[in-house]
Amino acid sequence: MKSIVLSLLIVISHPIWAQVTNFDNSPYNMQNSPYNMDNSPYNMRNSPYNMDNSPYNASSTNGVYDNTGNRIGYEVKAPSGVTNYFDNSGNRIGYTPSKK
C-alpha cells in the first residue's frame, strides 16, 4: 500500500515540478538579473543620460509607449540577448529573456 501511495505522489507531482523549473526565464538566472552589469541602469548603454534613451531625443527608436501614446520608458537589448525595460528615470521595470 505504501509503495502505491508513493508512486502516485511521484506521478502526480512530476508535471508540477516540471512547470516551475524553467531557469531560463527566472530573474535568479544571472543572465536576467539586475545585478548583471549588462542589465544595470548604471551601465551607460542602459542609462537615461545616454542620448539614445533620452525622452528628449525626438529620433530615439527604443521608446516604450502606453496605449494613449505617452512615453513610459525605453528598452535596451543586452549583449546576452535579454531585452531590458526601463522607465524614463532609468529604473529597470522588466525584461524579456533571450530567445536562445
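Here the structure is shown first, and the text comes after it.
Conventions used here
- Residues numbered from 1 in each chain as written.
- Predicted model: local features only at pLDDT ≥ 70, side-chain atom pairs only at ≥ 80, totals over all residues.
- Heavy atoms only, no water.
- Helix = DSSP H or I, 4+ residues; strand = E, 2+ residues; numbered from the N terminus.
- Buried < 20%, exposed > 50% of the residue type's maximum accessible area, 1.4 Å probe, protein only.
- Contact = heavy atoms within 4.5 Å.
- Salt bridge = Lys/Arg side-chain N within 4 Å of Asp/Glu carboxyl O.
- Polar contact = N/O pair within 3.5 Å; in protein donor to acceptor, adjacent residues only side chain to side chain.
- Pairing = 2+ DSSP bridges.
- Axes fitted to C-alpha atoms, helices over the stretch in contact; angles between N-to-C directions.

Enquirer: Is there a simple way to explain the overall build of the protein chain in this structure?
Expert: Each helix and strand counted, the protein chain has 1 helix and 4 strands in total. Starting at the N terminus, the α and β elements of the protein chain follow one another as α-β-β-β-β. Per-residue burial for the protein chain yields a buried fraction of 32% across its 100 residues. In the protein chain, the proportion of contacts linking residues at least 24 apart, taken out of those at least 6 apart, comes to 27%.

Enquirer: Hey, could you run me through the pattern of salt bridges in this one?
Expert: Side chains bearing opposite charge may pair, as long as their charged atoms lie close to each other. Under the counting rule described, the total for this entry stands at 1 salt bridge. The shortest N-O distance in the salt bridge between arginine 45 and aspartate 38 comes to 3.4 Å. Judged by relative accessible area, aspartate 38 falls into the partly exposed class, the value being 23%.

Enquirer: Is there a simple way to think about the side chain of serine 98 in this case?
Expert: Looking at the secondary structure, you find serine 98 in the segment after strand E4 (92–96). A polar contact is formed between the side chain of serine 98 and the side chain of glutamine 31, at a distance of 3.0 Å.

Enquirer: Please clarify how the side chain of asparagine 32 should be interpreted in this entry.
Expert: Among the secondary structure elements, asparagine 32 is positioned in the loop between helix H1 (2–19) and strand E1 (63–65). Accessibility expressed as a relative area gives 1% for asparagine 32, which makes it buried. Side-chain polar atoms of asparagine 32 contact the backbone oxygen of serine 26, separated by 2.9 Å.

Enquirer: I keep staring at the sheet that holds E4 and nothing clicks. Help me out?
Expert: Within a beta sheet, neighbouring strands are joined by backbone hydrogen bonds and run either parallel or antiparallel to one another. The strand order E1-E2-E3-E4 describes an open sheet built from 4 strands, whose pairing is antiparallel. Bordering the open sheet on either side are E1 and E4, each of which pairs with just one other strand. For this sheet, the mean angle separating the axes of adjacent strands, direction not counted, is 30°. Examined bridge by bridge, strand E3 (residues 83–87) and E4 share 4 bridges and lie antiparallel to one another. If you follow tyrosine 85 over to E4, its bridge partner there is glycine 94.

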